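Fold and contact review
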Amino acid sequence: MHYLTNVNQIKTQINQFSLFKILWLDTEIADFWTPNPKLSLIQVLANPKDSTGEFAFILDVLNKPDLVEYFIDQIMVNPQIEKVFHNASFDLKYLGGKSAPNVTCTLKIARKITRERLQTSNLKLKTLATELCNFTNVDADGGASDWGKRPLAEKQLHYAAMDTVYLAAVHRRLLEFNSNRENNIFDMATNTKKFPKKTDSSSLTVTNLRVAFECPRLFYLNNKFGGKTLFIPQDTTTGIGKMFHYLVDEFINLAIIKPNFQELFKPEASQLQVQTVAIEMQQIFFKAKFSSYLEKIIAKDSTKTQSMLQVWQGLQGVIKRFAEILIVNRGYCSPESLIRNTFILEERQLKHYLNLPNGTQQQVRGEFDCLVYNWQRQRLCVIEFKTYQRLDPSAQLAQVCLYSYMLQQKQQVPVDSAVYCVLPEFKEYYYDWEQLENTVHQLIPYKLQQMQEWLKWEPPHPNSPPPTTQPYLCEICPQQQKCQSYFGDSVVIPPTPLEEGGLKEGGFEEGGLEEETETQKVIGSTTENQSCFNADVIGKELVTTLQSFGIDVDFMEAVVAPSFIRVKIKPQLGVKFISILKLSADLQVHLELENPPLIAPQAGYISVDLPHPDRQAAIFDDYIDKHKLPVTASVKIALGVNLEGNLVEADLSDPNTCHFLVGGTTGSGKSEFLRSLLLSLLVRYSPQILQIALVDPKRVTFPEFEKMPWLYSPIVKDSDRAIELMELLVSEMESRYHRFETAGCADLSIYNQRVDKPLSRIVCIFDEYADFMTEKESRTALEQSIKRLGAMARAAGIHLIIATQRPEAKVVTPIIRSNLPGRVALRTASEADSRIVLGDKENAAAYLLGKGDLLYQVNSKLHRLQSLYAKNIKLPTALCK
């Protein structure tokens, strides 16, 4: 809740309330039982989704008659604002009386419906909240408190705030009963209370339509028996959709209410930068809502950490897109009206009857996610949020175009549509009304008629709902077993459909990275120095061992990497992957391994990684071409050698690999990894192209680099200097953005092409980050700097590589993880540490071999590499000081 006592703050908030179309109001009266009662509090709720009182405002007006008059003048007498009270005749005695137009009294609505029809014991607000809206722990006695005494107790404030929450919920429920109002004024999609709904057995939902396009049989099963209906790619984080949608709603509500959002748009549109505005909005929202919500979720379930990071990643993409829309609209709206005129707080539950080809009508109902107005296009746009990348574009198109059509029928104006797929990266799919209108008229009525026919079918009659036309969906069908048993047949699934769609199963891949994120370079072959041993024999021994446990698999091949052998096996029909995974400890025993083997599903086979009998080092000089590169060349860091003997590099200009988190325990080879990574930069990029900032608290990782000309500043070895260095990098970043703005450039690459004196890229390698996290002051300062650099520094050509032996949750906080997209995990001390670096459920780093054996994660995919080893650190003498 927001309890306001300051006169200026209250007036500012009243001005904000004057922009709303509907407010839910209540009052508390001091000295009520005396001859001179007086107004103590005015409670206001503008967000009907609030179920906890978080967005309720309590205005303390005791002995402040001027404030009461101001509220009456700005709110009560404004005919454009609907004022909702429960017992309006009582509250209006203190708030303008009969001079207040457009007043709604829920008590009068309840009386009109009748208590018998409502089936409640009486028509008091608290009773209706309990018996009609299913609220629990409702305080019915708090109204008898002494409202003239100051300070007010926390219990009193909670009572006052919840009165408006109950009022909004009761109002909605009464309107559902009111047969004269088919549609509700607002939606309660995020309210934690579940209200019974009047159902129409003949109605279909927009979601039903999407499912029917994807798979008619899943639509049928869901309609008959319920159950899940989402086809989620196997490498997608699940269970975050509701949290994400709730937080987007909270962001929009905060943006409308909080003045500091408006302050961001005081400059003219031409002076606003999308990235800057987006980051500021993200920071405001993080402090105001997300951080407390994150703490609450993790306190209840610590395993939700990675899920919440995914939610925050998705929110960042949406907020950035919102910033773009708002900046466009700023050219047409004042700062005060901008946000209100962009986000349309329309009711989100829609109903409409569509005419079908057979002459009948079909009612369709649904609830869209968000509605915005683009002032440049002079067009409404309905938005659907997806926390996964769409698998069936036609189904998603049908869903959004139907929302667009239903809104168009209601508003009588064209309505565009957009789908925001926010993970693993933000993508927008936009459809204008002209495209959608034809889709609705030509396609959807026929589909709805088909759906009616499918629902009439009963087994064992013929002509059952057909299977999906996209068999790869069967792999990830949420009701696969029920479908096969109920319909009595199965769909033949192609061997690698997910790979064809660009969605490989989770686990280790034998290939390199995607083209857009890294380059692979074949310099030599690891087979030249391998000892004489037969990898196939090792693979067949594995197969024999599995067969001794009753697991039938076929041996495909064994591929030799510097540190491990990857055995590829094909499970025979009926053998599940999980049955092999469960035997990892038994395989460790029978094959005499130091650690359990790493077992992962691949496209068409299962990979089992076994230690190399005679490990080979990936020698630095064998893989790195030491020719200096031009200033226009991309700056890449060498990460290691993959299964095929190819060098794997990461492009620092790529948003997925611009900053890195590196974790590895003692003996993992972390220090050698950082040294070879650094050396791969120095031998290929001159000091004019590249500068290096090093943080080395243990003073042993970078001794050979103390006097090199690439240093941005002397090597940092204590916490005070580390804070200064990070603040210096933030200042450098801001300075560069000023230069870019002056030159009309978006990033460093474009800037360097236009100027005579190009700026160098800066790479900061921060070893043993955990050593600086013991003191609260240094921890907070470093986190804030890393957060800003992680969010903004890529385009400015500044990159962070943060490394630690102890990737614990209290060291590598969510703020740090969310701003370091690239991940490298060498062997970790525990599965928990592995999950901190790589994400939820990724335990594999705890079982790596050490000495440079690592997992590289990009775009949620894992790649097993062997780090390069530089025997001797030798910098070109001509370049050393």
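Residues numbered from 1 in each chain as written. Predicted model: local features only at pLDDT ≥ 70, side-chain atom pairs only at ≥ 80, totals over all residues. Heavy atoms only, no water.

Looking only at helices and strands, the protein chain has 29 helices and 30 strands in total. Evaluated residue by residue, the protein chain yields a buried proportion of 55% over its 881 residues. A fraction of 68% describes how many contacts in the protein chain between residues 6 or more apart in sequence connect residues 24 or more apart. Of the roughly 38100 Å² of accessible surface on the protein chain, a fraction of 49% belongs to carbon and sulfur atoms. (Helix = DSSP H or I, 4+ residues; strand = E, 2+ residues; numbered from the N terminus. Buried < 20%, exposed > 50% of the residue type's maximum accessible area, 1.4 Å probe, protein only. Contact = heavy atoms within 4.5 Å. Areas by Shrake-Rupley, 256 points an atom, 1.4 Å probe, with all protein chains shown as cover.)

So, about the pairing of strand 9 (residues 361-367). Every other side chain in a regular strand lies on the same face of the sheet, so the side chains alternate between the two faces. Bridge count between strand 7 (residues 204-205) and strand 9: 2 bridges; the pairing is parallel. Note on strand 9: the bridge partner recorded for L204 is V364. Two strands pair when backbone bridges link them, and strand 8 (residues 349-355) and strand 9 are joined in this way by 7 bridges, in the antiparallel orientation. Bridging from a neighbouring strand, N355 pairs with Q361 of strand 9. Where strand 8 folds back onto strand 9 in an antiparallel hairpin, the turn is made up of 5 residues, including G359, whose phi is positive at roughly 90 degrees. (Pairing = 2+ DSSP bridges.)

Glancing now at the packing of aromatic side chains. By the definition in use, this model includes 31 aromatic pairs. Consider the rings of Y220 and Y486, whose centres lie 6.1 Å apart with planes at 40 degrees: the pair is tilted. Taken as a pair, Y220 in helix 9 (residues 216-225) and Y486 in helix 18 (residues 480-487) lie far apart in primary sequence, 266 residues in all. Residue class for Y486 comes out partly exposed when judged on its relative accessible area of 26%. Considering the side-chain rings of Y486 and F487, the 5.4 Å spacing of their centres and the 80 degrees angle between planes classify their relative orientation as edge-to-face. Put simply, the rings of Y220, F225, W457, Y486 and F487 touch in pairs and so form one group of aromatic residues. Sitting over the face of the ring of F20, R340 holds its NZ or CZ atom 4.0 Å from the ring centroid. (Phe/Tyr/Trp six-rings, centres within 6.5 Å; stacked < 30°, edge-to-face > 60°. Lys NZ or Arg CZ within 6 Å of the ring centre and 35° of its normal.)

Taken N-terminus to C-terminus, the directions of helix 10 (residues 241-257) and helix 13 (residues 305-330) make an angle of 40 degrees; their axes are 10 Å apart at the nearest point. With respect to helix 13, the axis of helix 10 lies oblique. Every pair of crossing elements has a handedness; the one defined by helix 10 and helix 13 is right-handed. Taking contact as the criterion, the partners of M243, F244, L247, V248, F251 and I252 in helix 10 are, on helix 13, M308, V311, G314, L315, V318, I319 and F322. Classifying every residue of the contact of helix 10 with helix 13 gives 12 nonpolar, 1 polar and no charged. (Axes fitted to C-alpha atoms, helices over the stretch in contact; angles between N-to-C directions. Parallel < 35°, antiparallel > 145°, perpendicular 65-115°, else oblique. Left-handed = near helix turned anticlockwise from the far one by under 90°. Nonpolar A, V, L, I, M, F, W, Y, C, P; charged D, E, K, R; others polar.)

Okay, the sheet that holds strand 16 (residues 553-560) next. Here 4 strands make up an open sheet; going across it, the order is 16-17-19-18 and the pairing antiparallel. Since the sheet does not close on itself, it has two edges, and those belong to strand 16 and strand 18 (598-602), each with one partner. Each neighbouring strand pair of the sheet contributes to a mean axis angle of 25 degrees, computed without reference to strand direction. Inspection of the sheet shows strand 17 (residues 564-571) paired to strand 19 (residues 605-611) by 6 bridges, in the antiparallel sense. Counterpart to R566 in the pairing with strand 19 is D609. Sitting on the sheet, helix 20 (residues 535-548) touches strand 16, strand 17 and strand 19, and the angle it makes with strand 16 is about 150 degrees.

Bringing the pairing of strand 13 (residues 427-431) into the picture now. Relative to strand 13, strand 12 (residues 415-421) runs antiparallel, the two being bridged by 5 bridges. Of the residues in strand 13, the one forming a bridge with A418 is Y430. Connecting strand 12 to the next strand, strand 13, in antiparallel fashion are 5 residues.

Quick look at helix 2 (residues 65-76) now. For helix 2, the set of buried residues is L67, V68, F71, I72, I75 and M76. Projection of helix 2 onto a plane perpendicular to its axis shows the buried side chains occupying an angular sector of 145 degrees, all on one side. Each element contacted by the buried residues of helix 2 is listed here: helix 1 (7-17), strand 2 (22-30), strand 3 (38-45), strand 4 (57-60) and strand 5 (82-85). (Arc of directions from axis to C-beta.)

Backbone hydrogen bonds hold the strands of a sheet together, and the pairing may be parallel or antiparallel. The 6 strands lie next to each other as 1-4-3-2-5-6, forming an open sheet whose pairing is mixed. Each edge of the open sheet is held by one strand with a lone partner, namely strand 1 (2-4) and strand 6 (103-105). Averaged over neighbouring strand pairs, the angle between their axes works out to 25 degrees when direction is ignored. Sheet analysis places strand 5 next to strand 6, joined by 3 bridges and oriented parallel. Its bridge partner being in strand 6, K83 is matched across the sheet by V103.

Of all residues in the protein chain, 89% attain a pLDDT of 70 or more, and the chain-wide mean is 83. Below pLDDT 50 for its whole length, residues 179-201 participates in 58 contacts with residues either more than four positions away or in separate chains. Segment residues 490-531 is flagged for pLDDT under 50; beyond a separation of four residues in sequence, or across chains, it makes 105 contacts in the model. (pLDDT = per-residue confidence, 0-100.)

Locating L67 in the fold gives a position in helix 2. For L67, a relative accessible area of 4% corresponds to the buried category. When the C-alpha atoms of L67 and K11 are compared, they prove to be 7.4 Å apart, with 56 residues separating the residues in sequence. Not counting chain neighbours up to four residues away, the residues in contact with L67 comprise V7, I10, K11, I14 and V61.

Looking now at the pattern of salt bridges. If the charged atoms of two oppositely charged side chains come close together, the side chains can form a pair. All chains considered together, the criterion is met by 31 salt bridges. Among the salt bridges present, the one from R675 reaches E672, with a minimum N-O distance of 3.6 Å. Within this pair, R675 and its partner E672 are both found in helix 24 (residues 670-682), separated by 3 residues, close to a single helical turn. R675 gets classed as buried once you look at its relative accessible area, which sits at 11%. Among the ionic pairs, D771 bridges to K698, the shortest N-O distance being 3.0 Å. In this pair, D771 is assigned in the loop between strand 25 (761-766) and helix 27 (776-792) and K698 in the loop between strand 24 (690-695) and helix 25 (719-743), connecting sequence segments 73 residues apart. (Salt bridge = Lys/Arg side-chain N within 4 Å of Asp/Glu carboxyl O.)

In terms of nonpolar packing, the biggest core is built from 118 residues, with L59, F71, M76, F265, M281, F290 and F322 touching the most fellow members. With 13 residues, helix 7 (residues 154-177) is the largest single contributor of residues to this core. Ignoring anything within four residues of it in the chain, the contact list for M281 reads F251, F261, L264, F265, I319, A323 and L326. One finds I624, M708, I715 and V858 within the second-largest nonpolar core, a separate group that totals 48 residues. (Core = buried A, V, L, I, M, F, W, Y, C linked by side-chain atoms within 4.5 Å.)

This paragraph deals with unusual backbone geometry. Of note, the bond from R150 into P151 is cis; its omega dihedral lies within 30 degrees of zero at 0 degrees. Mapped onto the elements, P151 comes out in the loop between helix 6 (125-131) and helix 7. The peptide bond linking L423 to P424 adopts the cis configuration, its omega dihedral lying at 0 degrees. Note that P424 resides in the loop between strand 12 and strand 13. Even without glycine at this site, N63 takes up a positive phi of about 60 degrees. Its relative accessible area of 56% is what places N63 among the exposed residues.

With that out of the way, let us pick up helix 25. The end-to-end C-alpha distance of helix 25 is 36 Å, a good match for the 36 Å that 25 residues give at a rise of 1.5 Å each. Of the residues making up helix 25, those classed as buried are A722, I723, L725, M726, L729, V730, M733, R736 and F740. The residue sitting at the N-terminus of helix 25 and contributing the capping side-chain oxygen is D718; that oxygen lies 3.3 Å from the backbone nitrogen of D720. Two residues or fewer past helix 25, G744 is found with a positive phi of approximately 70 degrees. (Expected span 1.5 Å × (residues − 1). Polar contact = N/O pair within 3.5 Å; in protein donor to acceptor, adjacent residues only side chain to side chain.)

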